[in-house]
Amino acid sequence: MSLAKPILLVGAGALGSSILKGFRVQGHVTPPEVMILDLKPGEEAQAYAAEGAQLNPLPETWHAAKTIILAVKPQGWHAVAQILNGNIDKGAVIVSVMAGVTTTQLKQAFAGHPTARVMPTTGVATGKGVASLYADTAAGMDAARGLFAPMAQTVELADEDQINSATAVSGSGPAYVYAFVRALEKAGRANGLSYSHARDLARGTLISAARLLDETGEDPEALIKKVASPGGTTEAALNILCKPGEGLDELILASVDAAHKRSKELG
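Conventions and cut-offs
Residues numbered from 1 in each chain as written. Predicted model: local features only at pLDDT ≥ 70, side-chain atom pairs only at ≥ 80, totals over all residues. Heavy atoms only, no water. Helix = DSSP H or I, 4+ residues; strand = E, 2+ residues; numbered from the N terminus. Contact = heavy atoms within 4.5 Å. Areas by Shrake-Rupley, 256 points an atom, 1.4 Å probe, with all protein chains shown as cover. Lys, Arg positive; Asp, Glu negative; His and termini not counted. Charge placed at Lys NZ, Arg CZ, Asp CG, Glu CD. Buried < 20%, exposed > 50% of the residue type's maximum accessible area, 1.4 Å probe, protein only. Pairing = 2+ DSSP bridges. Axes fitted to C-alpha atoms, helices over the stretch in contact; angles between N-to-C directions. Core = buried A, V, L, I, M, F, W, Y, C linked by side-chain atoms within 4.5 Å. Polar contact = N/O pair within 3.5 Å; in protein donor to acceptor, adjacent residues only side chain to side chain. Parallel < 35°, antiparallel > 145°, perpendicular 65-115°, else oblique. Left-handed = near helix turned anticlockwise from the far one by under 90°. Nonpolar A, V, L, I, M, F, W, Y, C, P; charged D, E, K, R; others polar.

(A) Highlighting the overall build of the chain. What the chain contains, in helices and strands, is eleven helices and eight strands. Within the chain, counting contacts between residues at least 6 apart in sequence, those at least 24 apart form 58% of the total. Total accessible area computed for the chain in this model is approximately 14300 Å², and 57% of it derives from carbon and sulfur atoms. Where the 23 positive side-chain charges of the chain centre and where its 26 negative ones centre are 5 Å apart.

Structure, rendered in structure tokens:
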């Protein structure tokens, strides 16, 4: 797996910083191989600069970049494209992690450049994220794979329309999980646990359950059955949580549908 360097990262907000952290954890991209453009660089961008990355270099240096990651907010990407055009190498590959911005739009803005779309989770910061990849050229897919395969479980999509679904499920998905943990913590406190005990139990339960799901490879339904004894406490809870027609399945479906719709609107 080859990755053309240097890398130009445009946008070092939450997701951009997560990508930088993933580079650091896995070591497949080092600070001297990175240029970072961000008007308000945070701690991770500044730390990279201290270790040899170029932070907000002058436009004449951008031509050196062989792979360009667009990690800006989707609402403002057109302005970024105008700034980059004419200042980047003709052979540079454009890798977008922006929700809703289509390959057609990217190719219109960056004519002649191979492009790829990636929807990563912020978990790439740990080297164990998830990323959905789409590209209609080998060069685009190679760049996306080279950037993210070392720090994420990757899924290569054959249909670009699936990116919006991937965004709604995995791109936004971590927030759904955090919201569940927050709710479980609140429920624990409401049932008499101290703040710290509710926090530790809710978070520890999520981490241990996720680890078991990962390590066993079993279906969620099979793992549920191992916890939920007939007539027991877990079954009583699941009768509420998974109540047909108005339970978790319906709530998550409505949530993912809303995220999917918004992902399409952002384009």
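Now, onward.
(B) A look at the environment of Ala116. By secondary structure assignment, the location of Ala116 is in strand β6 (residues 115-120). For Ala116, a relative accessible area of 1% translates into the label buried. Between the alpha carbons of Ala116 and Ala259 there is a distance of 21 Å; along the sequence they are 143 residues apart. Among residues more than four places away in sequence, those in contact with Ala116 are Ile94, Val95, Ser96, Leu106, Tyr134, Ala135, Gly140 and Ala144.

(C) Here's a closer look at the sheet that holds strand β7 (residues 129-134). Taken in spatial order, the eight strands line up as β3-β2-β1-β4-β5-β6-β7-β8 in an open sheet, and their pairing is mixed. Lying at the two open borders of the sheet, with one neighbouring strand each, are β3 (54-55) and β8 (152-156). The sheet strands contacting helix α1 (residues 14-26) are β1 (7-10), β2 (34-37), β4 (67-70) and β6, and the helix crosses β2 at an angle near 165 degrees. Packing against the sheet, helix α6 (residues 162-171) makes contact with β6 and β7, and its axis sits at approximately 25 degrees to β6.

(D) Focus on the nonpolar core. Counting 32 residues, the largest nonpolar core has Ile19, Phe23 and Phe148 as its most contacted members. Of all the elements in the fold, those that place two or more residues in this core are β1, α1, β2, α2 (43-50), β5 (93-96), β6, β7 and α5 (138-148). With five residues, the top contributor of residues to this core is α5. Not counting the four nearest positions on each side in its chain, Ile19 is found in contact with Ile69, Val97, Val124, Phe148 and Met151.

(E) Broad picture of unusual backbone geometry. Of the consecutive residues Lys5 and Pro6, the connecting peptide bond is found in the cis state with omega at 5 degrees. For Pro6, the location among the structural elements is in the segment before β1. The phi angle at Asn56 is positive, at roughly 50 degrees, despite the residue not being glycine. Structurally, the position occupied by Asn56 is in the loop between β3 and β4.

(F) A look at the side chain of His113. Tracing the backbone through its elements, the reader meets His113 in the loop between α4 (103-109) and β6. Side-chain polar atoms of His113 contact the backbone oxygen of Ala92, separated by 2.8 Å. Not counting residues within four places of it along the chain, the set of residues in contact with His113 comprises Ile88, Asp89, Lys90, Ala92 and Ile94.

(G) Fine view of the packing of helix α7 (residues 173-190) against helix α8 (residues 195-216). The N-to-C vectors of α7 and α8 enclose an angle of 140 degrees; their axes lie 8 Å apart at closest approach. Put simply, α7 runs oblique to α8. As for the relative orientation of α7 and α8, their crossing is right-handed in sense. Contact residues: α7 offers Val177, Val181, Leu184, Glu185, Gly188 and Arg189, while α8 offers Tyr195, Ala198, Arg199, Ala202, Arg203 and Leu206. For the contact of α7 with α8, a count of residues per class yields seven nonpolar, one polar and four charged.

(H) Fine view of the environment of Gly192. By secondary structure assignment, the location of Gly192 is in the loop between α7 and α8. On the accessibility criterion, Gly192 (65% relative accessible area) is exposed. Sequence spacing of Gly192 and Ile94 is 98 residues, and the spatial spacing of their C-alpha atoms is 52 Å.

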